[in-house]
Amino acid sequence: VKREEPVKRGDVSGVFGAPGVRVIQAQYEWPFQSHASMGPACAVADVKADACTVWTGSQKPHFVRDGVARLLGLPQDKVRAIWVTGPGSYGRNDAGDAALDAAFISRALGKPVRVQGMRADGTAWDPKAPACVHRARAALDASGKVIAYEFVSKGFSRQHIATNESDPADSLVGQSTGVPPKGIHIFGTPAESYGFENKLLAWETIAPLVESCSPLRTGHLRDPVGLEIHFGSEQFIDELAAAAEEDPVAFRLKYLTNPRHAAVVKAVA
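Here is what the cut-offs are and how they apply
- Residues numbered from 1 in each chain as written.
- Predicted model: local features only at pLDDT ≥ 70, side-chain atom pairs only at ≥ 80, totals over all residues.
- Heavy atoms only, no water.
- Helix = DSSP H or I, 4+ residues; strand = E, 2+ residues; numbered from the N terminus.
- Buried < 20%, exposed > 50% of the residue type's maximum accessible area, 1.4 Å probe, protein only.
- Contact = heavy atoms within 4.5 Å.
- Salt bridge = Lys/Arg side-chain N within 4 Å of Asp/Glu carboxyl O.
- Core = buried A, V, L, I, M, F, W, Y, C linked by side-chain atoms within 4.5 Å.
- Phe/Tyr/Trp six-rings, centres within 6.5 Å; stacked < 30°, edge-to-face > 60°.
- Lys NZ or Arg CZ within 6 Å of the ring centre and 35° of its normal.
- Axes fitted to C-alpha atoms, helices over the stretch in contact; angles between N-to-C directions.
- Parallel < 35°, antiparallel > 145°, perpendicular 65-115°, else oblique.
- Nonpolar A, V, L, I, M, F, W, Y, C, P; charged D, E, K, R; others polar.

Sorry if this is basic, but what is going on with the overall build of the protein chain here?
In terms of regular secondary structure, the protein chain is built from eight helices and eleven strands. On the principal axes, the C-alpha backbone points of the protein chain span a range of 75 × 40 × 30 Å. Taking all 269 residues of the protein chain together, the buried fraction comes to 48%. Within the protein chain, residue pairs in contact and separated by at least 24 positions form 78% of the contacts whose partners lie at least 6 positions apart.

The structure is reproduced here in structure tokens:
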């Protein structure tokens, strides 16, 4: 659906096509990941004719206020979101959906409503970190030096739904009532500073399996797709170090150009 090449340096394809180079290739697969907070979401909403109060464990209660106001057609100053201790989140879990669900049902019934999922509900319906595949290849010369490097990530967008619940379009109840999703296509590349002279870092996204109301709707966890990308990226650096018959720490330090990155590797070692 979309492709970007944030890092494109030198003649990568030309080097791979040159005679005498040794090519190392690998592929890394990452499945969908549930946010899997310590417990399923819970919210209480009390909708009146011209106002609403909602109790929520969302990380972003101000966005709960915004989303509930839009869902109910109320001014923001007529919706009060009260934060209460919940199972916690760092990113987008199912807390915002529970709040909007409670507000929707409370308006329909005309009385306060508490919505609380079971563990199976939270794992099934929370936003998922996107499934993806990472394809890597590198060209080594006769001395073992990396002379070309390519790392391409391909998967579902990390923001098919936004990382907050301020818009009903990004909620299950909003999509269930016909609000079209407004997802964007975005992924990412490794945040590293390996100074390979011919280098390509790119990402591609594919269309969602189900456009609306999907149990596999994707929204990144924190760090945004860093887990998926660096799982593959650094595994491949280890593969290259092994192919070059070098210590993996020394191999990294030889190519890193950012002093802070080098300092982190030294500290970890």
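Explanation requested: the pattern of salt bridges in the structure shown.
A side chain with one charge can pair with a side chain of the opposite charge if their charged atoms come near. Going through the model one piece at a time under the given rule, you end up with 18 salt bridges. Lys8 is paired through a salt bridge with Glu5; the nearest N and O atoms lie 3.2 Å apart. The class for Lys8 is exposed, based on a relative accessible area of 63%. Taking the relative accessible area as the measure of exposure, Glu5 reaches 32% and is therefore partly exposed. When the shortest N-O distance is used, the salt bridge between Asp97 and Arg217 registers 2.8 Å. With Asp97 in helix H3 (residues 95–109) and Arg217 in the loop between strand E11 (199–206) and helix H6 (226–243), this pair connects stretches of sequence that are 120 residues apart. Per residue, the accessibility class of Asp97 equals that of Arg217, and both read buried.

Quick question: what am I supposed to make of unusual backbone geometry here?
What you tend to see is this: most non-glycine residues have negative phi, and most peptide bonds are trans. Asp223 follows Arg222 through a cis peptide bond whose omega is -10 degrees. The backbone of Ala36 shows a phi angle near 50 degrees, a positive value even though the residue is not glycine. Here Ala36 shows up in the loop between strand E3 (33–34) and strand E4 (42–47). We note that Glu245 has phi near 55 degrees; this positive angle belongs to a residue other than glycine. Tracing the sequence through the fold places Glu245 in the loop between H6 and helix H7 (248–255).

What is the right way to read the environment of Ala45 from this model?
Here Ala45 is to be found in strand E4. Judged by its relative accessible area of 0%, Ala45 is buried. The sequence separation of Ala45 and Arg135 amounts to 90 residues, and the corresponding C-alpha distance is 46 Å. Excluding anything up to four places from it in sequence, Ala45 contacts Thr53, Val54, Ala102, Ala103, Ser106, Lys111, Pro112 and Val113.

Teacher, can you tell me more about the nonpolar core here?
Among the nonpolar cores identified, the biggest contains 27 residues, and Leu140, Val146, Tyr149, Phe236, Leu240 and Phe251 are the most heavily contacted of them. Among the secondary structure elements, those contributing two or more residues to this core are strand E2 (22–30), strand E9 (132–140), strand E10 (146–156), E11, H6 and H7. Ranked by the residues each element gives to this core, the list is headed by H6, at six residues. Residues Ala69, Ala98, Val113 and Val173 belong to the second largest nonpolar core, which totals 22 residues.

Explain the packing of aromatic side chains here, please?
Each pair of aromatic rings is reported with the distance of its centres and the angle of its planes. Applying the stated criterion across every chain, the model contains eight aromatic pairs. On the basis of an interplanar angle of 20 degrees and a centroid distance of 5.8 Å, the ring pair of Tyr194 and Phe196 is categorised as stacked. Summarising the burial analysis for this pair, Tyr194 and Phe196 share the class buried. Taken together, Tyr149, Tyr194, Phe196, Phe236, Phe251 and Tyr255 form an aromatic cluster joined through their ring pairs. A cation sits over an aromatic face here: Arg137 above Phe16, 3.8 Å from the ring centre.

How should the packing of H6 against H7 be read in this particular structure?
Each pair of packed helices can be summarised by the angle the axes make with each other and by the distance between the axes. At a minimum axis separation of 9 Å, H6 and H7 run at an interaxial angle of 105 degrees. When the axes of H6 and H7 are compared, the pair comes out roughly perpendicular. Contact residues: H6 offers Glu234, Ile237, Asp238, Leu240 and Ala241, while H7 offers Pro248, Phe251 and Arg252. Broken down by class, the residue content of the contact of H6 with H7 amounts to five nonpolar, no polar and three charged.

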